[in-house]
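Here is how the chains run, residue by residue.
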Amino acid sequence: MTGIISSVDKRLVLASGRAYPELAQQVGDAMGLEVASTTAYDFANGEIYFRFNESIRGADVFILQSMTSPINKWFMEQLIMIDAAKRASAKRITAVAPFYPYARQDKKHQGREPVSARLVADLYKHAGADRLMSVDLHAAQAQGFFDGPVDHLWAMPVLVAYVKQQVDLDQVAVVSPDAGRIRVAEKWAAKLGNCPLAFVHKTRDTTRPNVAVANRVVGDVTGRECVLVDDLIDTGGTIAEAVRVLYKAGAKSVLVAATHAVLSDPASERLAGCGAQEVVVTDTVPIPAEKQFPALTVLPIAPLLSRGIKEVFDDGSVTSMFDGVA
C-alpha cells in the first residue's frame with residue numbers, strides 16, 4: 001500500500017472572543033482544557049486585530065463568542081477569528097454562538113425587509129465556519145439557513161431541573177408568552193408531568209421595536225403556579241405584561257424561565273416590579289451586577305456547552321443529550 005499513514009491524534013482547541021471570556025473559561029474548566037492563547041485588540045478607528053498565539057494546524061477549533069452588546073462588534077470579531085483559523089490551516093472550525101445574533105429577524109414581516117438571521121448564517125459560512133453550535137434558537141427552522149451541520153442545544157434540561165424544585169407539580173401550569181412559542185411550552189408541560197398549558201394572546205406592532213401588548217390568557221390558570229417560558233428577555237416588556245395578565249386571570253404565582261437574559265434597559269426594573277416570584281435564566285450572555293435584582297436566578301450554561309462540544313469532537317451524538325429529541 002502506497003502513501004503515508006498518519007498516527008497523529010485529534011486535537012481540540014477552544015478559543016474565545018473578548019465578549020465573554022469567563023464563559024469560555026468555565027467551558028474549558030468543565031472539559032479539563034485551557035482556552036487557547038490569543039491576541040486581540042482594537043485599532044484607533046475601531047478595526048479589530050486578532051491572532052492565535054500558537055499553531056492550530058490540523059486542529060478541531062471551537063470559536064466561542066457570546067453576542068452581548070455591542071453585538072455587531074462581537075459578531076465581527078468572531079468572523080475575524082474564524083477567518084484567522086481558516087488561514088492557519090485548522091482542520092475543522094465550529095462557530096459557537098450560545099445566543100445566535102439577529103435570531104429574531106428570521107422572516108419578513110413586511111415587504112422590503114431583510115432576513116438578517118439568514119445573512120448571519122451566510123457570513124459564518126463565507127468566513128470559513130464548517131458548523132455552528134447555538135442554544136435555543138428563536139425559531140428552530142433557522143438551522144436551515146446555514147449550509148452545513150448545526151448543533152442546536154436546548155437549555156430546557158438545565159431550566160426544568162431547577163424549576164421542578166421550585167413549584168408544586170400538582171398545581172403547576174405552563175404558559176407561553178405568545179402563540180408562537182406553544183410548541184416549546186408543550187415540551188415544558190410534558191417535562192413537568194403533562195400539566196395544563198395556556199398562552200397569552202399578544203399583539204405586536206412590527207413597525208416599532210420591543211413593543212407588544214398582552215391582551216388576555218387563553219387557557220385556565222386560576223389558582224395555578226404558572227411557569228412562563230420564553231427563549232429570551234430583551235427589554236422585559238412582553239414578560240412583565242404577561243405576568244400581570246396572568247395574575248389578573250387568577251394565577252396563584254408566576255415563575256419566569258428564559259434562556260437568554262439580554263436585559264436591555266429597562267428590563268431589570270420591569271422584571272423586578274412585575275410581581276414574578278422568580279425570574280430564572282441561564283448565563284449564555286453576561287449579566288453584569290447592575291442588571292441583577294433579588295428575584296433573578298442565573299443558572300450556568302457551561303456544562304451544557306462543554307458536553308455538546310465534546311460530543312461533536314468525539315463524533316458522538318448531540319441528540320442523545322436531549323432524550324433523542326433535538
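Residues numbered from 1 in each chain as written. Predicted model: local features only at pLDDT ≥ 70, side-chain atom pairs only at ≥ 80, totals over all residues. Heavy atoms only, no water.

> Any chance you could break down the overall build of the chain for me, citing the residues and the numbers?
Across its full length, the chain holds eight helices and 14 strands. Relative to a compact globule of 326 residues, whose C-alpha radius of gyration would be 20 Å, the chain shows 21 Å and is just as compact. With the C-alpha coordinates aligned to their principal axes, the bounding extent of the chain is approximately 75 × 45 × 40 Å. Classification of the 326 residues of the chain by burial places 50% in the buried group. Of the contacts made within the chain by residues no fewer than 6 positions apart, 63% connect residues no fewer than 24 positions apart. Of the roughly 15,500 Å² of accessible surface on the chain, a fraction of 50% belongs to carbon and sulfur atoms. Within the chain, the 37 negative side-chain charges are centred at a point lying 5 Å from the centre of the 34 positive side-chain charges. (Helix = DSSP H or I, 4+ residues; strand = E, 2+ residues; numbered from the N terminus. Rg over C-alpha atoms; globule rule 2.2 N^0.38 Å. Buried < 20%, exposed > 50% of the residue type's maximum accessible area, 1.4 Å probe, protein only. Contact = heavy atoms within 4.5 Å. Areas by Shrake-Rupley, 256 points an atom, 1.4 Å probe, with all protein chains shown as cover. Lys, Arg positive; Asp, Glu negative; His and termini not counted. Charge placed at Lys NZ, Arg CZ, Asp CG, Glu CD.)

> Run through the sheet that holds strand S5 (residues 92–97), naming residues and quoting values.
Hydrogen bonds along the backbone pair up the strands of a sheet, which may run parallel or antiparallel. Strand order in the open sheet formed by five strands is S1-S4-S5-S6-S7, with parallel pairing between adjacent strands. Each of the sheet's edge strands pairs with one partner strand only, and the pair in question is strand S1 (12–16) and strand S7 (150–153). Averaged over all adjacent pairs, the angle separating strand axes in this sheet is 20°, with direction ignored. Relative to S5, strand S4 (residues 60–64) runs parallel, the two sharing five bridges. Bridging across to S5, Phe62 finds its partner in Thr94. Its contacts with the sheet place helix H1 (residues 21–31) against S1 and S4, and it is angled at close to 160° to S1. (Pairing = 2+ DSSP bridges. Axes fitted to C-alpha atoms, helices over the stretch in contact; angles between N-to-C directions.)

> Residue-level account of empty space enclosed by the protein, with values.
Under the definition given, this model contains one cavity of 30 Å³ or more. Space inside the largest cavity adds up to approximately 60 Å³. Along the walls of the largest cavity sit Tyr100, Ala121, Leu132, Ser134, Leu137, Ala142, Gln143, Phe146 and Val150, which together make up its complete lining. (1 Å grid on protein atoms, 1.4 Å probe; cavity = no way out; pocket = protein on both sides within 12 Å on 5 of 7 lines; lining within 4 Å. Points joined across faces, edges and corners; volume = space filled by probe spheres on them.)

> An account of the packing of aromatic side chains is needed here, citing residue identities and associated values.
This structure, assessed with the given rule, holds six aromatic pairs. Each ring, one from Tyr41 and one from Phe43, has its centre 5.6 Å from the other, and the planes form 75°; the classification is edge-to-face. Taking relative accessible area as the criterion, Phe43 reaches 41% and is therefore assigned partly exposed. Look at Tyr41 and Tyr49: their rings are 4.8 Å apart centre to centre, the planes differ by 20°, and that puts the pair in the stacked class. Under the relative-accessibility criterion, Tyr41 is labelled partly exposed at 37%. The class for Tyr49 is partly exposed, based on a relative accessible area of 28%. Following the ring pairs from residue to residue traces out a cluster consisting of Tyr41, Phe43 and Tyr49. Between Lys10 and the ring centre of Phe313, over which it is positioned, the NZ or CZ distance is 4.7 Å. (Phe/Tyr/Trp six-rings, centres within 6.5 Å; stacked < 30°, edge-to-face > 60°. Lys NZ or Arg CZ within 6 Å of the ring centre and 35° of its normal.)

> Give me helix H5 (residues 182–191): which residues, what numbers.
When we look at burial in H5, the residues that qualify are Ile182, Ala185, Trp188 and Ala189. Axial view of H5: buried residues confined to an arc of 110°, hence all on one face. Gly193 sits one or two positions beyond H5 and adopts a positive phi of about 85°. (Arc of directions from axis to C-beta.)

> Account for the packing of helix H2 (residues 71–87) against helix H3 (residues 116–127), with residues named and values stated.
Contact geometry for H2 and H3: axes closest at 8 Å, N-to-C directions at 25°. Judged by the angle between their axes, H2 and H3 are roughly parallel. On H3, the residues touching Phe75, Gln78, Leu79, Ile82, Asp83 and Lys86 of H2 are Val120, Leu123, Tyr124, His126 and Ala127. Residues of the contact of H2 with H3, tallied by class, amount to seven nonpolar, two polar and two charged. (Parallel < 35°, antiparallel > 145°, perpendicular 65-115°, else oblique. Nonpolar A, V, L, I, M, F, W, Y, C, P; charged D, E, K, R; others polar.)

> Can you tell me about unusual backbone geometry, naming the residues and giving the values?
Omega for the peptide link from Ser69 to Pro70 comes to 0°, which places this bond in the cis form. Note that Pro70 resides in the loop between S4 and H2. Following Asp265, the chain continues into Pro266 via a peptide bond in cis, with omega recorded as 5°. Along the chain, the position of Pro266 falls in the loop between strand S12 (253–261) and helix H7 (267–273). The backbone of Tyr102 shows a phi angle near 65°, a positive value even though the residue is not glycine. Its location among the elements puts Tyr102 in the loop between S5 and H3. For Tyr102, a relative accessible area of 29% puts it in the partly exposed group. Of note in this structure, Asn194 is not a glycine but carries a positive phi near 55°.

Don't take any of this as a statement about function, it's just geometry.
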